[in-house]
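Results of the structural survey
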Amino acid sequence: MQTTDIGSKEDGKLWHRKPVASNNGVLVTVIRSASAYQSKTVRFLQVAFDTTGESFLAGDHHGNIYVIDISRNRFKLVQKTGQACTALAFNLRRTTEYLVALSDYSIKCFDQDTKQLVSWMRGHEGAVSSLSVHSSGRYAISTSSDTAQLWDLDTFQRKRKLNVRQSVGIQKVFFLPLSNAILSCFTDDSIFAWESDTLFSKYQLPVPQDGPRIHYKAFTVTQDGKMLAAGGRSNLIHLWCLDSQQLFRVIQMPPKVRTVRHLDFLPDSFDGGSSQVLGVLSQDGVMRFINIHTCKQLFDIGSYDDAITSAAVCPKGRHIAAVMDNGSLRIYNVQSLTQETNKPPQPLVKVVTTNKRGDSSYVKMKVHTGAVQRPARTSGRRIQTKRLRTPAVSTLEDKENDMPDALSKKRLRTLLKTFGEYPEKYRMFIWRSLLQLPENHAAFSSLTDKGVHSAYLCLHERYPIKSHRLQRGLQRVLSALAHWSSIFGEAEYLPLVAFPFVKLFQNNPLICFEVVATVIVNWCQHWFEYFPNPPLNILSMAENVLAHHDKQLLQHFVDYGVTSQLYAWPLLETLFTEVLTREEWLKLFDNIFTNHPSFLLMAVVAYVTCCRAPLLLCTHRQDFEYFFHHRNTLDVSAMLKETYRLMETTPADLHPSSMLSDFEPLTREQYPIFNKYPTFIVEYQCQERERIRQQEVEYLRERQALQDLRAEAVRQQAEDEAWYTQQELLQEAEEQRRRILQQEENKLAEQRARLGAMKRELKVKELTLLDAARRRFLKHQQNQQKIELNRLDDEIQRKVTLRAQETAASVQDMEVRQMELDAQRRLFEQQLAKEQERMRQEVRTEVDARQRRAEAEDSTFQNLLQTDRDNSQETKRVLEESLAEAGQLEVDANWQTEVLRRLEKADEEQERRRQQLVELSRETHAKEEQLVQLMMEVEGKHWNDVAAKRSQLEKEKQAAAAAESQRRSRPFQQADNTTQNKLRRSQEESIDQLMEKKLQSPCSTRGLLHKPDGLQTNTTNICLNNQASTEDSTCFSLARGRGTLDREERELLQEVRELRQKLATRARDWTSQSVSSQHS
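In this text the structure is predicted, and so the values were computed from the model without any measurement. (Residues numbered from 1 in each chain as written. Predicted model: local features only at pLDDT ≥ 70, side-chain atom pairs only at ≥ 80, totals over all residues. Heavy atoms only, no water.)

**What about the overall build of the protein chain?**
Across its full length, the protein chain holds 25 helices and 33 strands. Taken across its 1080 residues, the protein chain has 41% of its residues classed as buried. For the protein chain, the computed accessible surface area is about 62000 Å², with 51% contributed by carbon and sulfur atoms. (Helix = DSSP H or I, 4+ residues; strand = E, 2+ residues; numbered from the N terminus. Buried < 20%, exposed > 50% of the residue type's maximum accessible area, 1.4 Å probe, protein only. Areas by Shrake-Rupley, 256 points an atom, 1.4 Å probe, with all protein chains shown as cover.)

Right, here's the structure in full:
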C-alpha cells in the first residue's frame, strides 16, 4: 500500500510506480500534512465522484478542493475556499463545474479549469448536509436541517423552497435517477415522493408501525431508481420497491452494527442499474458489502482501529473513495476486493473415473446442469426478513476480474463444441486465459506516456464516434500500437481491427491493447508484407481454399471480375464487424481464439460459401461490394460448422496452417519487436507524411498570411473608399453651410434694422417713464420725511414720559435700598457681637484647658510643672500683649528671662524633662511659624480681593461720571447724584463690614494675637456704629482707618519677629548651660 503526502503541492502524481492492490484492496492512501507542522495532518471531509467514475472531488478542513484523477494518476488543487466544506457535487451538466456547500451556509459553483467562481447561492440558515443533482444536470437540491431548496443551475436562481415545522426536521431530499421524482425524508421517518416539475405529491412510502422505531439517517437508491434502502439507529435496513411503493424486505445486520451511518449501492457494468450489492457503513467504522438477495456479506473495508467516517462509490463500481477517521483519504480497488468472490465456478464437466492403465483417451464424464437460483417473488403485503450471514465463497459478478491460470484448453474446446459459445459472464476470463495476456503494466505505461501519435490526431474526423469516452479509448490504444511499431501508424484499416476490442474492453485499456496486439501478431500474420497493398499472399490462401471446395462460386467471381480483395479482404480488415451482430461476432471469436490462427481464413471462406446462393445471383460489382459491407441473413452456427469442416477436409498443401505459425503469446515484461513489414516503404511513407504535414503547415501558414494580407487590403480599400466618401460629404456639407450662413447673415441684417428702430422707440418710452418715476419718488420722499418727523416727535414725548417714570421708580428703589442697607448694617453688628462673644469663649476655654494641663503636670513634677506653667503663662501673656500694645512685649520678655533662670536652677534629676521641653518648644515654634505664614497668605489674599473691588469701584465711578455728563435734561441731575452717592455709600459700607469680619475672624493675625479682654475695646474703633445716627449721614469713606490698621499690623509683625529672635537666643543659651552643667 502506497501513501502519498500532497502537502502544499497544487499538482502532482498519486503514485510513482504502478500500484498493486493489497489484500484489503487499498490502492493508495492520500494524506495532507500541514506546511508548518509536518506531524500534523489536515483532515479530508467530503468526497464526490463525477459521472465517468474516473475522477472525484475531495475537500479538506482548510477549504482546499482537490480533483483526483485515478485513470491519469494525477491530483490537482482547483480551489481554495478558506472554509470547510459540508457537501460536494461533481455531476453537473457542464462537466468542468462543481458545487461546494460551505460552513457559512452558502453554496458556491466553481469551474475546475479556470478556477473561477461561477455563482454564489445563499438562502440556508443552517449547514447544508447534502447536494443532489438531477440526472439532466440542470437542477440541484440542497438540504439542511430546516429547509430544502431547489436551484436552477442554468440561471443559479432558487425556484422552490421546502419549509417544515420546527418539531419535524428534514433528513435528506434528493432526486431519483432516471425519473422526474424527488424523495424527501423527514425526522419522523416519513418519506414522500414529489413531481419535480409541478412539485405535486405522488405518494408516501409506508413505514412499518410495529417494532422499534428506526430513526432513519442514511438513504440510497439504485441507479435505475427502482429500489430505496434506508437505515438509522438500528441494525435493520429497510428495502422499498419504488414501482410498487411497498416495503419488500428487511435485512438485519450483525449484532455489532448498532447504527447505520451511510448506505451506498455498488453498481455493476452488466446489471442494468439494478445493483445487487449494498454497502453499509456502521458506527464501528467498518463498511460491509452485502448481497441484498442472498443476504450474504461479500467483503468489508475499514476496521475498528482504522475506521471510516464517510465513503463514496464510483458510478461504474470500480473504486471506492473513503475518508478515514485519522483525516486521510483512501482509494480502494473493487476488483481486488472481489477477487475471491468472482472466481469462476467449478467446471460443468466433472471427471468421474479414469483409466488406471494410463489410456488418456478413455475418460468418462458427467454433465451437471441445474436451474438458476432466483429469489422468490413476494407480494407487497408480506415482508421478508433475512439475517445476514457470512458466506464461505461470495458470488459477485465482474467480467474483468482476474482468472486462474490453469484452464485446460482441451476442456474449453470441448465446452465450445458442446454449447457453441462460452458463457457470457465468463467469456472475458476465458479469452484472457486463451490469449495468455502478460499484463505488462510498465511497458504499456511507457507507451501511453508518449501521448497521442501524430497519425491519430485527427482520428475523430475520419471515424466519428458518438461516445467521447470510446473515442479517447480507441485513440489511446491506436497510439500505443503506433508507438510500439511504426507500421501501425500507417495501416489505414487498423482502427477497424481494433474498434470491436476497444468497445468490448473500454474499461481496461491495458487488456484491450494486449488483446489487439495478440490478434495482430497471431491472426494477422503476413498481413503487412505487401504494405501498402492488401496481403496478397493471405488472400491467395483463401482463394485456393475456395477454389478447392467451390470452383463454381470462384468461377462466378472470375466471370464478373470479383477478386479476393473484394470478397475476402473486407471481411478480414473489419474482422466481420460489418456483417455480424455483437452476439454473432462474440460467438465467432470464441471459436477463433480457441483454434489455430488459420481458423480466421477458414471462417472467411466459410462465410462466402454459406452465402453462395445470393452471391451467384449478383452480377454487378456494386452488388458484391454492398454484400460484403453489410449484414446478411446468415446462421453463424452453420458458418462455424462449415469452418470446422473446411479445417478438417482441406488438404495439407492448401491448408493455411502450413504457412501460418502456431499461436505465440506476447512476452512478459516487454512486448516483442514487430518488424514484419517493408521497412523502407513505411519509413518512406512516414517521411512523406511528415513532409506533407510540414508542407501543409507551411501552406496553412502562407494561406493565413495571404488571408491576412487580403483582409488588410480589403480593409485598406474600404478605408480609402470611406475616406473619399467622407471628403465628398464634407464638401457638400461645407457648400450647404455656406448657403445657410449667407441666408442667416441676410436675416441678421434685417433683424438688426428692426432692432434699431425698436431700440429708439424703447429709449423714448424709457425717458418718459424715468421722468414720471422721478416725480413720483420725490413726492414719496416728502411723505416719508413728514412721517419720520411725526415719529420722532412721538418718540421724544414717549422718552420724556418714560424718563419721568424711571426717575420716580429710581427714587423709590433708592429708598428701599437704603432700608435694606440699614437692616443689613444692624444684622452685621449683631453677627460681629456674636463672633466676639464666641472668640471670648474660645479663648477662655483654651486658657482653662492650658491651666488644667499645667496643674496636672505640676502634681507629677512640681518644680518642672511650675516652671512650665509660668513659661506658658508668660508666653501667652507676651502674645496677648503684643497684639494690644508694644510696651507689654518688654515685660513679657523679662518674664520669660525669669522663667529661664528658674529653669537653670532645676535639679540635674529633671534633665530628661528639660530635654523634652526643649523638643516641645521647638515643635511649638515650628507650628507657630507655619501658622503665622498661613495667616499672612490668607490676609494677603483678602487684601488682594479688597484692592480688586476698590479698582472696580473706581471704574464704576468713572463710568457713572461720564454717563452723568451726557445727560441732556438738567432736572434729573440732582436725583442721579443722590442715587449715585447712596450706591457708593452702600458699597463702602459693605467693604468696611467685610474688613471688620476679616479682622475679627479666627484666621486673622490680629484676632489671634490680642488678649480676650482687649478685644471689645479694639473692635469698637472700627465698628459700624461710628456712623452718624441720623438717616441722612449715609455717606462714609471706605479708606477710613485704613492707614492706622496697616501701620498697627506692620508694628505687630515686627514685634512678633523680635520676640521670636529673643526666644531663640534664650533657648540656645539655656541649651548650652544645660550641656555644661551635665559635663560638670
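**Let's talk about the sheet that holds strand S18 (residues 191-195)**
Two modes of strand pairing occur in sheets, parallel and antiparallel, and in both the strands are linked by backbone hydrogen bonds. Read across the sheet, four strands follow the order S16-S17-S18-S19 without closing on themselves; strand pairing throughout is antiparallel. Edge positions in the open sheet fall to strand S16 (170-175) and strand S19 (201-205), since each of these has one partner strand only. Here the strands of the sheet are splayed against their neighbours by 20° on average, with no regard to which way each runs. Pairing between S16 and strand S17 (residues 181-186): five bridges, direction antiparallel. Bridged to Phe-174 within S17 is Leu-183. (Pairing = 2+ DSSP bridges. Axes fitted to C-alpha atoms, helices over the stretch in contact; angles between N-to-C directions.)

**A look at helix H9 (residues 536-549)**
An ideal rise of 1.5 Å per residue puts 20 Å on 14 residues; H9 measures up with 20 Å between its terminal C-alpha atoms. Every buried residue belonging to H9 is among Asn-537, Ile-538, Leu-539, Met-541, Ala-542, Val-545 and Leu-546, and all of these are buried. Taken together, the buried residues of H9 touch helix H10 (551-559), helix H11 (564-567), helix H12 (569-574) and helix H14 (599-610). (Expected span 1.5 Å × (residues − 1). Contact = heavy atoms within 4.5 Å.)

**Considerations on the side chain of Gln-525**
Among the structural elements, Gln-525 can be located in the loop between helix H8 (509-523) and H9. The residues contacting Gln-525, other than those within four sequence positions of it, are Ile-520, Ile-538, Pro-597, Leu-660, Ser-661 and Asp-662.

**A look at the packing of H9 against H10**
The packing of two helices is summarised by the inter-axis angle and the distance between the axes. In the contact formed by H9 and H10, the axes pass within 6 Å of each other and the chain directions differ by 125°. Between H9 and H10, the crossing angle belongs to the class labelled oblique. In contact with Glu-543, Leu-546, Ala-547 and His-549 of H9, H10 contributes Lys-551, Leu-553, Leu-554 and Phe-557. Within the contact of H9 with H10, the residues separate by chemical class into five nonpolar, one polar and two charged. (Parallel < 35°, antiparallel > 145°, perpendicular 65-115°, else oblique. Nonpolar A, V, L, I, M, F, W, Y, C, P; charged D, E, K, R; others polar.)

**Digging into helix H2 (residues 409-419)**
Along H2, the positions that sit buried rather than exposed are Leu-412, Leu-415 and Leu-416. Angularly, the buried residues of H2 cover 100° about the axis, an arc narrow enough to put them on a single face. Residues of H2 that are exposed and point more than 90 degrees away from the buried face comprise Lys-410, Arg-411, Lys-417 and Thr-418. After H2 finishes, the residue Gly-420 shows a positive phi value of roughly 85°. (Arc of directions from axis to C-beta.)

**Regarding the nonpolar core**
In terms of nonpolar packing, the biggest core is built from 105 residues, with Leu-481 and Phe-576 touching the most fellow members. At eleven residues, H8 tops the list of elements feeding residues into this core. Leaving out residues up to four positions away in the same chain, Phe-576 has contacts with Leu-571, Trp-585, Leu-588, Leu-600, Ala-603, Val-604 and Tyr-607. Leu-14, Ile-68, Ile-70 and Val-323 belong to the second-largest nonpolar core, a separate cluster that totals 22 residues. (Core = buried A, V, L, I, M, F, W, Y, C linked by side-chain atoms within 4.5 Å.)

**What to know about the pairing of strand S8 (residues 85-89)**
The buried fraction of S8 is high, at five of five residues. Direction of pairing for S8 relative to strand S9 (residues 97-102): antiparallel, over a ladder of four bridges. Of the residues in S9, the one forming a bridge with Leu-88 is Val-100.

**What to know about the packing of helix H6 (residues 468-484) against helix H7 (residues 494-504)**
At a closest axis distance of 10 Å, the pairing of H6 and H7 adopts a crossing angle of 125°. On the basis of their axis angle, the class for H6 and H7 is oblique. The two elements H6 and H7 cross, and the hand of that crossing is right-handed. Only Leu-494, Pro-495, Ala-498, Phe-499, Val-502 and Lys-503 of H7 make contact with H6, whose side of the interface consists of Leu-470, Gly-473, Leu-474, Val-477, Leu-478 and Leu-481. (Left-handed = near helix turned anticlockwise from the far one by under 90°.)

**Observations concerning the sheet that holds strand S28 (residues 308-313)**
Spatial strand order, S1-S3-S30-S29-S28: five strands in an open sheet with mixed pairing. Only two strands of the sheet have a single neighbouring strand rather than two, namely strand S1 (2-5) and S28. Averaged over neighbouring strand pairs, the angle between their axes works out to 20° when direction is ignored. For S1 and strand S3 (residues 26-31), the ladder comprises four bridges, and the chain directions are parallel. When the bridges of S3 are listed, Asp-5 appears paired with Ile-31.

**Re the packing of aromatic side chains**
By convention here, two paired aromatic rings are described through the distance between centres and the angle between planes. For the structure on display, the rule yields 39 aromatic pairs. With 6.1 Å between their ring centres and 40° between their planes, Phe-192 and Trp-194 make a pair best called tilted. Every member of this aromatic cluster is reached through a ring pair, and the members are Phe-444, Trp-484, Phe-488, Tyr-493, Phe-513, Trp-527, Phe-528, Trp-569, Tyr-671 and Phe-674. Here Lys-108 stacks its cationic end above the ring of Trp-120, 4.2 Å away from the centre of that ring. Over the ring of Phe-174 we find Lys-172; its NZ or CZ atom is 5.3 Å from the centre of that ring. (Phe/Tyr/Trp six-rings, centres within 6.5 Å; stacked < 30°, edge-to-face > 60°. Lys NZ or Arg CZ within 6 Å of the ring centre and 35° of its normal.)

**Examining the pairing of S19**
Alignment of S18 against S19, held across four bridges, turns out to be antiparallel. Of the residues in S19, the one forming a bridge with Phe-192 is Gln-204.

**Re the environment of Gly-561**
Assignment of secondary structure puts Gly-561 in the loop between H10 and H11. A relative accessible area of 40% means that Gly-561 is categorised as partly exposed. As a C-alpha pair, Gly-561 and Thr-619 span 58 residues in sequence and 9.8 Å in three-dimensional space.

**Things to note about the confidence of the model for the protein chain**
When pLDDT is averaged across the protein chain, the result is 79; 80% of the residues are at 70 or more. This stretch, residues 997-1040, has a pLDDT under 50; its non-local contacts, to residues over four places away or in other chains, come to 91 contacts. (pLDDT = per-residue confidence, 0-100.)

**Re a nonpolar patch on the surface**
Together, Leu-755, Met-758 and Leu-762 give the surface a local cluster of nonpolar side chains, amounting to about 300 Å² of exposed area. If you trace the backbone, Met-758 turns up in helix H18 (residues 679-860). (Patch = residues over 30% accessible without salt bridge, like charges linked within 9 Å, V, L, I, M, F, W, Y side chains within 5 Å. Salt bridge = Lys/Arg side-chain N within 4 Å of Asp/Glu carboxyl O.)

**What to know about the pattern of salt bridges**
Under the definition given, this model contains 35 salt bridges. As a salt-bridge pair, Glu-642 and Arg-645 come within 2.4 Å of each other at their nearest N and O atoms. Separated by three residues within a single helix, Glu-642 and Arg-645 lie in helix H17 (residues 636-649), roughly one turn from each other. With a closest N to O distance of 2.9 Å, Glu-846 and Arg-850 form a salt bridge. Of this pair, Glu-846 and Arg-850 both sit in helix H18, four residues apart, which is roughly one turn of that helix. The exposure class of Glu-846 is partly exposed, given its relative accessible area of 41%. It is possible to trace a salt-bridge network through shared partners that takes in Arg-93, Arg-94, Glu-97, Arg-138 and Asp-154.

**What about the side chain of Thr-29?**
Turning to its location among the elements, Thr-29 is positioned in strand S3. Residue Thr-29 is classed as buried on the basis of its relative accessible area of 5%. Side chain to side chain, Thr-29 and Arg-330 meet in a polar contact 3.4 Å long. (Polar contact = N/O pair within 3.5 Å; in protein donor to acceptor, adjacent residues only side chain to side chain.)

**Observations concerning the environment of Cys-314**
Position of Cys-314 relative to the elements: it lies in the loop between S28 and strand S29 (319-324). By relative accessible area, Cys-314 is classed as buried at 0%. Apart from residues lying up to four places away in sequence, Cys-314 is in contact with Phe-49, Gly-53, Pro-267 and His-319.

**Let's talk about unusual backbone geometry**
In this structure, Asn-73 takes a positive phi of about 60° despite not being glycine. Looking at the secondary structure, you find Asn-73 in the loop between strand S6 (64-69) and strand S7 (74-80). Positive phi outside glycine occurs at Cys-295, with the angle close to 60°. Position of Cys-295 among the secondary structure elements: in the loop between strand S26 (287-291) and strand S27 (297-301). A residue is classified by how much of its surface remains accessible, and Cys-295, at 0% relative accessible area, is buried.

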